[in-house]
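Spelled out from the first residue to the last, the chains are:
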Amino acid sequence: MAVVPEAPIAILLIEDDDSIATPLAEGLTRAHFSVTVARSGTEGLAGAPGADLVLLDLGLPDVDGADVCRLLLARSDTPIIVLTARGDERDRVRLLEMGADDYVVKPFGFRELVARIGAVLRRSNAALVGATESDRKVQEFTRLRIDHRSRRVDVEGREIALSRKEFDLLARLAETPGAVVRRERILEEVWDEHWWGSTKTLDVHIASLRKKLGDAAFIATIRGVGYRLDDHE
Ligand code: CA
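Nothing here was measured: the structure is a model prediction, and the numbers come from that model.

Parameters and conventions
Residues numbered from 1 in each chain as written. Predicted model: local features only at pLDDT ≥ 70, side-chain atom pairs only at ≥ 80, totals over all residues. Heavy atoms only, no water. Salt bridge = Lys/Arg side-chain N within 4 Å of Asp/Glu carboxyl O. Helix = DSSP H or I, 4+ residues; strand = E, 2+ residues; numbered from the N terminus. Buried < 20%, exposed > 50% of the residue type's maximum accessible area, 1.4 Å probe, protein only. Expected span 1.5 Å × (residues − 1). Donors = N, O, S within 2.8 Å, 3.2 Å for Na, K, Ca; no water. Pairing = 2+ DSSP bridges. Axes fitted to C-alpha atoms, helices over the stretch in contact; angles between N-to-C directions. Contact = heavy atoms within 4.5 Å. Parallel < 35°, antiparallel > 145°, perpendicular 65-115°, else oblique. Nonpolar A, V, L, I, M, F, W, Y, C, P; charged D, E, K, R; others polar.

Caption draft 1: Examining the pattern of salt bridges more closely. The final tally for this structure, using the stated rule, is 22 salt bridges. The partner of Arg172 in a salt bridge is Glu189, and the shortest N-O contact between them spans 2.5 Å. On the criterion of sequence distance, the pair formed by Arg172 in helix α6 (residues 164-175) and Glu189 in helix α7 (residues 183-191) is long-range, its members being 17 residues apart. Residue class for Arg172 comes out buried when judged on its relative accessible area of 8%. Relative accessible area serves as the criterion here: at 36%, Glu189 is assigned to the partly exposed category. Within the structure, one salt-bridge network assembled from shared partners comprises Arg143, Glu156, Asp215 and Asp231.

Right, here's the structure in full:
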C-alpha cells in the first residue's frame, strides 16, 4: 500500500514538568506528531502560532494556565486540550466555558490522550468544513441574526461576543429553529460522540449563552429532553 506523505500535525506542549513533558513529547513524536515543548506560559504563547493543537498544563511557573488559555483563545482558533490535576472540577468547567476543547486529568494514559487529540482535531476540521459549507449563510430571526460565515451573532442589532463552543451550540439549535434538539444529540454534535465529560458542561454553556443573549427566553428548556431555539416577538 502506498503511503501518502502528509505534513505532520504540529502539537505545542506547554508543560514545565520535565518528568511529564519529556516522555510525552517522545511518545507523541513516535505517534507521528511534530512536537514543540514550551516550558513556561510565556514561551508557550510565543510558540503558539503555527501549532495545530495546544496541550496546556495549568500549573505553569510564570503565568496562570487559565490566563494562557484565555490569551491563546483570543488570538486564534487553535484547539486546546488542558492537562489538569485531579480534583479541580470548577477549574475544568471554567476552562471549557472559556472555550478550551477538552481536558485530560493527570495522571492520564497516553492512548487516552492520543484519542482525545484525534477527536478534537476531527471536530475542529469538521467545523472548518462546516464553515465553508455555510458560506454566505446568514439566518435572520425576529431579534436574532446569526452570520455563520463570520460567526457573528447580533441581538436586535447589537453584536454579542460568544466563545467558540457557545457559537457552535447556538448554531446547532438554529439549524432547526422551533424544534427541540435532544441533549444527547447536542453533546454528540457540538462536543464529540465520545464525550466523556460531565453533561453539566452543556447546562453550563446553555446558561452562559442565555446570559450573553440577554434573554433566557431565546432558549427553551424541555425538561428531560433537550433545548429549543425560540425567537418570537
Ligand atoms: Ca506544571
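Caption draft 2: Local environment of helix α8 (residues 200-213). For α8, built from 14 residues, the straight-helix expectation of 20 Å at 1.5 Å per residue is met to within 8% by its first-to-last C-alpha distance of 20 Å. For α8, every residue scored as buried is listed here: Thr201, Leu202, Val204, His205, Ile206, Ser208, Leu209, Arg210 and Leu213.

Caption draft 3: Examining the coordination of the calcium ion more closely. Around the calcium ion, the protein supplies Asp16 (OD), Asp57 (OD) and Gly59 (O) as donor atoms, at distances of 2.2 to 2.3 Å. All donors of the calcium ion belong to a single chain; written as a sequence motif, their spacing is D-x40-D-x1-G. In this pair, Asp16 is assigned in the loop between β1 (10-14) and α1 (18-30) and Gly59 in the loop between β3 (53-57) and α3 (65-75), connecting sequence segments 43 residues apart. Its relative accessible area of 31% is what places Asp16 among the partly exposed residues. A residue is classified by how much of its surface remains accessible, and Gly59, at 47% relative accessible area, is partly exposed.

Caption draft 4: Summary view of the sheet that holds strand β10 (residues 180-182). An order of β10-β12-β11 is seen for the three strands of this open sheet, with the pairing classed as antiparallel. Here the strands that pair on one side only, and so sit at the sheet edges, are β10 and β11 (219-222). Neighbour to neighbour, the strand axes of the sheet diverge by 30 degrees on average, direction disregarded. The sheet strands contacting α7 are β10 and β12 (226-229), and the helix crosses β10 at an angle near 70 degrees. Taken strand by strand, α8 contacts β11 and β12, and its axis lies near 150 degrees from that of β11.

Caption draft 5: Focus on the packing of α3 against helix α4 (residues 89-98). At a closest axis distance of 10 Å, the pairing of α3 and α4 adopts a crossing angle of 10 degrees. The orientation of α3 with respect to α4, classified from their angle, is roughly parallel. Seen from α3, the contacting residues are Ala66, Cys69, Arg70 and Leu73; seen from α4, they are Arg94, Leu95 and Met98. By residue class, the composition of the contact of α3 with α4 is five nonpolar, no polar and two charged.

Caption draft 6: Up close: the packing of α7 against α8. Between α7 and α8, the shortest axis-to-axis distance is 10 Å and the interhelical angle comes to 85 degrees. Regarding the angle of α7 to α8, the classification is roughly perpendicular. Here Arg183, Ile186, Leu187 and Trp191 of α7 come into contact with α8, specifically with Thr201, Leu202, Asp203 and His205. Split into classes, the residues belonging to the contact of α7 with α8 amount to four nonpolar, two polar and two charged.

Just distances and angles here, no functional claims.
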